[in-house]
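# Per-entry structural report
As a plain string of letters, each chain reads:
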Amino acid sequence: MYLSSLKVQINKNLVSNESIQWSRIIERKIKHAINSSALRKALESDDMSFAIMQQAYKSILKIFNLMYSNLIENDYHSKIWREDTEIILKKSKKSNYSISKTYRIITLLNCLDKIAKKLIAMQLSYTAKRNDKLLDFDQMRDRKQRSAKDAVLNLVHDAQMAKSRENTLTCLLLDIKDVFDHVTLKQLIKILIKHKILINLINWIKCFLQNRVIDLAFDEERQKSKEIFTEILQESSISLILFLIYIWHLFSKIRARIENLQSLSYIDDVTLYIEEKSIDKNVKKLEKMTKIAFTWANENAVQFNNSKFELIHFENHKVTLNQTIMLLNDTVVKSKICIQWLKVWLNWKLNFKMHV
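A brief structural summary. Quantities reported herein were computed from a predicted structural model and do not represent experimental measurements.

## Side note on the overall build of the protein
The number of helices and strands found in the protein is nine helices and 14 strands. Considering the protein as a whole, with its 356 residues, one finds that 48% of them fall into the buried category. Long-range contacts, defined here as pairs at least 24 residues apart, represent 70% of the contacts in the protein between residues at least 6 apart. Looking at the protein as shown, the accessible area adds up to about 19600 Å², and 51% of this sits on carbon and sulfur atoms.

Here it is in structure tokens:
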């Protein structure tokens, strides 16, 4: 049914005997992964829809259950499932189609591949919920009860509590650049080992990410299959949870070095904030934090989008606009009286007039 996958070369001295408890892929989970998939999406690269998949599952459920449980438990992701098709489409009503931004790309994935990735993503999300050392509590997205609304409400609550204590909450918004393009497989594996993820799962993730092949289709023409070397696919259901695990150490590292610093993140949108009586103290601590963040980024092949950094002070008195933060590359982040985070407008008074 499957070939032996390439194993990750791991120093046994680095692997803990106490791996995170991992539940088996059982029939109930496979059934849920198949039946909860969207029915109205376009046909995928294998010319199948999930409506067909669901009907097939009803007829040969034992084969489906054996296939997924055996493949995943033996840390192998089928080679044919790693073949994708990308269709390049022109955006409507554009004047100049010589510019790359006038096109958009739709990726068609294999239906059986999507189910396998969904099963692993479900397993990782469930494990993260039971083990607080896998993900930070305030890392949102792709987790139950961790939506963009929850992230904004958490920030607003903390800012209001600071104001009630006659303190100032200073908030720095960071944006991680091209998140899925800057996750290296080698570093991801090191992080998974550090998190005590089971070795067979690590090998499955490596097998899933390696030797991927893509077909390009444009203007009714199709290019021959070509191997791609991107580390994490943006279209994959497992990519989000893997990226959250990848950046987890950033938050633990900052908290260990800077007292009272809080963080919230929604994939690549990160906000770091601190509460003090003095704005100057807040700014000094956040500047120290940026040094730690940039050092971590360099060590993990991650880049920040400096042009999207924003600074705001939530306080009771008249806002001071002359407070700034200097980044390591000499970029100056000036404070604002109003910011937009996760599509919600917040001003320094928290009266939501700008948002309404």
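That shown, we press on.
## Here we look at the nonpolar core
Of all hydrophobic cores here, the largest spans 79 residues; its most connected members are Tyr68, Ile238, Ile254, Met289 and Phe304. The dominant element in this core, judged by the number of residues it contributes, is helix H8 (residues 239-257), at 11 residues. When near neighbours in sequence (up to four residues on either side) are disregarded, methionine 289 contacts Leu172, Ile254, Ile258, Leu261 and Leu272. The next biggest cluster of nonpolar side chains, apart from the first, holds 21 residues, and it includes Leu155, Val156, Leu169 and Leu264.

## With respect to unusual backbone geometry
We note that glutamate 166 has phi near 60°; this positive angle belongs to a residue other than glycine. Structurally, glutamate 166 is set in the loop between helix H5 (148-164) and strand S4 (168-175). Here asparagine 211, not a glycine, exhibits a phi torsion of approximately 55°, which is positive. Secondary-structure assignment places asparagine 211 in the loop between helix H7 (199-209) and strand S5 (212-218).

## As for the packing of aromatic side chains
If you walk through the whole model with that rule in mind, you get eight aromatic pairs. Measuring from centroid to centroid gives 5.9 Å for tyrosine 97 and tyrosine 103, while their planes differ by 65°, and the two rings are edge-to-face. Given the relative accessible area of 28%, tyrosine 97 is considered partly exposed. For the ring pair phenylalanine 304 and phenylalanine 309, a centre distance of 6.0 Å and an interplane angle of 80° mean the geometry is edge-to-face. Comparing phenylalanine 304 with phenylalanine 309, the two get one shared label, buried. Among the aromatic residues, those joined into a ring-pair cluster are Tyr97, Tyr103 and Phe218.

## Here we look at the packing of helix H1 (residues 27-35) against helix H4 (residues 111-130)
Two elements in contact, H1 and H4, have axes whose closest approach is 9 Å; the angle formed by their N-to-C orientations is 120°. In terms of axis orientation, H1 runs oblique to H4. In this structure, the crossing between H1 and H4 has a hand that is right-handed. Of the residues in H4, those in contact with Lys29, Ile30, His32, Ala33 and Ile34 of H1 are Ile115, Lys118, Leu119, Met122 and Gln123.

## Some remarks on the side chain of aspartate 215
Examined against the element boundaries, aspartate 215 turns out to sit in strand S5. Under the relative-accessibility criterion, aspartate 215 is labelled buried at 16%. If sequence neighbours within four positions are ignored, aspartate 215 has contacts with Asp84, Thr85, Glu86, Arg222, Gln223, Lys224 and Ser225.

## Here we look at the pattern of salt bridges
Evaluated as defined, the whole model comprises eight salt bridges. We note a salt bridge from arginine 212 to aspartate 113, for which the minimum N-O separation is 3.9 Å. Of this pair, arginine 212 sits in strand S5 while aspartate 113 is found in helix H4, placing the two residues 99 residues apart along the sequence. Pair check on accessibility: arginine 212 and aspartate 113 agree, each one buried. Lysine 285 serves as the salt-bridge partner of glutamate 276, at 2.8 Å between the closest nitrogen and oxygen. Of the residues examined, lysine 285 reaches a relative accessible area of 23% and is grouped as partly exposed. Because the salt bridges share partners, they merge into one network encompassing Asp84, Asp113, Lys117 and Arg212.

The rules behind these values
Residues numbered from 1 in each chain as written. Predicted model: local features only at pLDDT ≥ 70, side-chain atom pairs only at ≥ 80, totals over all residues. Heavy atoms only, no water. Helix = DSSP H or I, 4+ residues; strand = E, 2+ residues; numbered from the N terminus. Buried < 20%, exposed > 50% of the residue type's maximum accessible area, 1.4 Å probe, protein only. Contact = heavy atoms within 4.5 Å. Areas by Shrake-Rupley, 256 points an atom, 1.4 Å probe, with all protein chains shown as cover. Core = buried A, V, L, I, M, F, W, Y, C linked by side-chain atoms within 4.5 Å. Phe/Tyr/Trp six-rings, centres within 6.5 Å; stacked < 30°, edge-to-face > 60°. Axes fitted to C-alpha atoms, helices over the stretch in contact; angles between N-to-C directions. Parallel < 35°, antiparallel > 145°, perpendicular 65-115°, else oblique. Left-handed = near helix turned anticlockwise from the far one by under 90°. Salt bridge = Lys/Arg side-chain N within 4 Å of Asp/Glu carboxyl O.

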